Amino acid sequence: SGTLANGDKVVVNADGTVSTAGMYPTAPDIDSFVSNFSITKGLGTSISIPGTTKIILINYAGNETLESGLFDVAANGTMTQLGSINTDIANGGVEAKRNTNIDDIVAYWDPVADKAVIAYNKRNSFNDYKPVIYGMVGTVSGNTLSWGSEQTLHIEANPGVFISAVAYDSTNNRSLVLHSGFQGSGSGCSSSMISLSGSTLSQTTPVDFFPSSLEPAPYSITRMAVSYVPAQGNYVISYSAVDYSPPTASINVVRTLAANGTTLGARTEFTSANNGEYLTVQNNTIVGTSSVIVRHSLSQATVDHLHFTIVTVSGSTITVGNSVSIDSLPNNHYDSNFDVLSTADGKVTAFWHNEKGSESNRVLYAADLAVTDGVLSIGTEYVISTASGAGSQDFFVAGVRNSTNDSRMVLNWTNEDTASNSSYFVVQPGELVSNITAENFVGISDASYSNGATATIQTAGSKDDAQSSLTAGQAYFLQGDGTLGTTPTTPRVFAGVALSATELMIGRDMSAS
């Protein structure tokens, strides 16, 4: 099952099919499901507290307030509420902006001040397109979470501008905030820095990138994402732009932004769509020291496709690599509002959910992503949970906890149309496990084959000529990740003897002595 490339090492499966030898993810482990926490309905975000098993969950409580709570996620998957829920933390008589964009509230942990920081839009009514940006500082003392007074960070002068994306700069201990919306004669964005001194937040004057420096008319910026890449000393921003004049056309663009938030790198377009199709950038996730995975979707008349594209950063230069897609569920909508990529112990797990016919029947999925030598691949899709019944059930990744020996994610489930409390899954991502045993190696593929095709496999006694960098006369053994090596691993699987740098005489397993 799966595709085969020319020269792939091949194992036979229990059902008689064959697969490429290598590492494959196991299914995520759902440790627990809890539904008795007193945070009420709403969308949300979270803050992980480094060096602890604690997370702060922050929910939009309806349209007017924010609620938060401190929780512990134990190694056995048990999730415990610590102290009482902080209700109405964003008060003051104006509406905390709740729209379809989860990035309207941003949250992170400041490791220098050892405090939580949140920033968010508020406006007097849903149609107030000149919002005020506020912030608050949270302190965790033992099992108690408390918030300071609401602080005004920025009064927006441009109409239709809102917080679009944020990234924490671990080198300079500050956060970059991108504001997108209408500027001048079209849609652009601006950037500013939020920093914390003691318990006081400050925000720099936004630097405007008008449409001429981003995407000139008739394109309008719709969604943005940003990540700080410490090893490169700058940010990677990705965004979608749409030309709404019929037929609708859209593009996705990625570029760097200097650490001071003032200088844009070269523009690199990585996808485009026409004829009424919409592209939507959703988020960025850093992998290693120079790679960023951009998650984006393509909306068509009857189906949405979820895509992941790998980009490599070197200073201010970006190189776009390959893309992988989630296309196995046609005629379903992949909801982009609450889906988050989470990095755990060097692995990346994607969570998303779809609508099956209506908002009242949704499925939550997960899959592991891997980057090998700059190439992005995606593992098996797994169903985490389903939801059905009246109302709009929504999923989002509410928190992530990483440590040297344990990785778990906390996923929120909420029914927006009822007053029921939020529920949570505690999920441990699947592990990458080799599919190679001492007996199942059968040979090497002699060509490329699609999934389900009949393949010709070269077995013991055959000569394969699709290898590289071999040493003539050297014995080679199959490694756990499907590559060839000169040292046996466990289980010990002899692959053959090299005839040249590109040729391998496929052999049978030899005695360990």
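All values reported here derive from a predicted model rather than from experimental measurement.

Before going further, it helps to examine the pattern of salt bridges. Tallying each qualifying case throughout the model produces three salt bridges. For R267, the salt bridge is made with E269, and the minimal N-O distance between the two is 2.9 Å. Notably, a salt bridge pairs K463 with E503, separated by 3.4 Å at the nearest N-O pair. Placement of the pair is K463 in strand 40 (residues 463–464) and E503 in the loop between strand 43 (494–498) and strand 44 (504–506), with a sequence separation of 40 residues. We classify K463 as partly exposed; its relative accessible area is 44%. The exposure class of E503 is partly exposed, given its relative accessible area of 22%.

Another aspect to go through is the sheet that holds strand 20 (residues 219–229). Backbone hydrogen bonds hold the strands of a sheet together, and the pairing may be parallel or antiparallel. Spatially, four strands are ordered 20-21-22-23 in an open sheet, and the strand pairing comes out antiparallel. Each edge of the sheet is formed by a strand with only one pairing partner; in this case those strands are strand 20 and strand 23 (268–273). Across the sheet, the mean angle separating the axes of adjacent strands is 20 degrees when strand polarity is ignored. Here strand 20 pairs with strand 21 (residues 234–243) via ten bridges, running antiparallel.

A cis amide bond, omega 0 degrees, links T490 with the succeeding residue P491. Along the chain, P491 turns up in the loop between strand 42 (484–485) and strand 43. Notably, N173 is not glycine yet its phi reads approximately 55 degrees, a positive angle. Within the secondary structure, N173 is located in the loop between strand 15 (162–169) and strand 16 (174–183). N173 sits in the buried class, given a relative accessible area of 17%. Residue S469 is not a glycine yet carries a positive backbone phi of 60 degrees.

Of all ten residues in strand 22 (residues 249–258), nine are buried, a share of seventy percent or more. Across ten bridges, the pairing between strand 21 and strand 22 is antiparallel. Counterpart to Y235 in the pairing with strand 22 is L257. Where strand 21 folds back on strand 22, the antiparallel hairpin that results is connected by five residues. Summarising the sheet, strand 22 and strand 23 pair through five bridges and their orientation is antiparallel. Bridge pairing in strand 23 places S250 opposite A273.

By size, the foremost hydrophobic cluster in this structure holds 19 residues, and its most contacted members are L176, L178, V226, Y235, Y239 and L257. Secondary-structure elements contributing two or more residues to this core are strand 15, strand 16, strand 17 (186–197), strand 20, strand 21 and strand 22. Once residues within four sequence positions are removed from consideration, L257 is found in contact with L176, L178, S191, F209, N234, Y235, I237, T262, T263 and L264. Judged by nonpolar contacts, the second largest core, of 17 residues, contains L82, I105, I118 and W147.

Here five strands make up an open sheet; going across it, the order is 40-44-43-41-42 and the pairing antiparallel. Here the strands that pair on one side only, and so sit at the sheet edges, are strand 40 and strand 42. In this structure, strand 41 (residues 475–478) lies alongside strand 43, joined through three bridges in antiparallel fashion. For F477, the partnering residue across the bridge sits in strand 43 and is F494.

Mapped onto the elements of the fold, S190 is located in strand 17. The exposure class of S190 is buried, given its relative accessible area of 2%. In this structure, the C-alpha to C-alpha distance between S190 and L178, residues twelve residues apart in sequence, is 5.8 Å.

Residues with a pLDDT of 70 or more make up 67% of the chain, whose mean pLDDT is 75. Predicted confidence for residues 356–360 stays below pLDDT 50, and this span has twelve contacts to residues more than four positions away or in other chains. Scored below 50 in pLDDT, residues 401–406 makes 18 contacts in the model with residues more than four places away or belonging to other chains.

Rules used in this analysis
Residues numbered from 1 in each chain as written. Predicted model: local features only at pLDDT ≥ 70, side-chain atom pairs only at ≥ 80, totals over all residues. Heavy atoms only, no water. Salt bridge = Lys/Arg side-chain N within 4 Å of Asp/Glu carboxyl O. Helix = DSSP H or I, 4+ residues; strand = E, 2+ residues; numbered from the N terminus. Buried < 20%, exposed > 50% of the residue type's maximum accessible area, 1.4 Å probe, protein only. Pairing = 2+ DSSP bridges. Axes fitted to C-alpha atoms, helices over the stretch in contact; angles between N-to-C directions. Core = buried A, V, L, I, M, F, W, Y, C linked by side-chain atoms within 4.5 Å. Contact = heavy atoms within 4.5 Å. pLDDT = per-residue confidence, 0-100.

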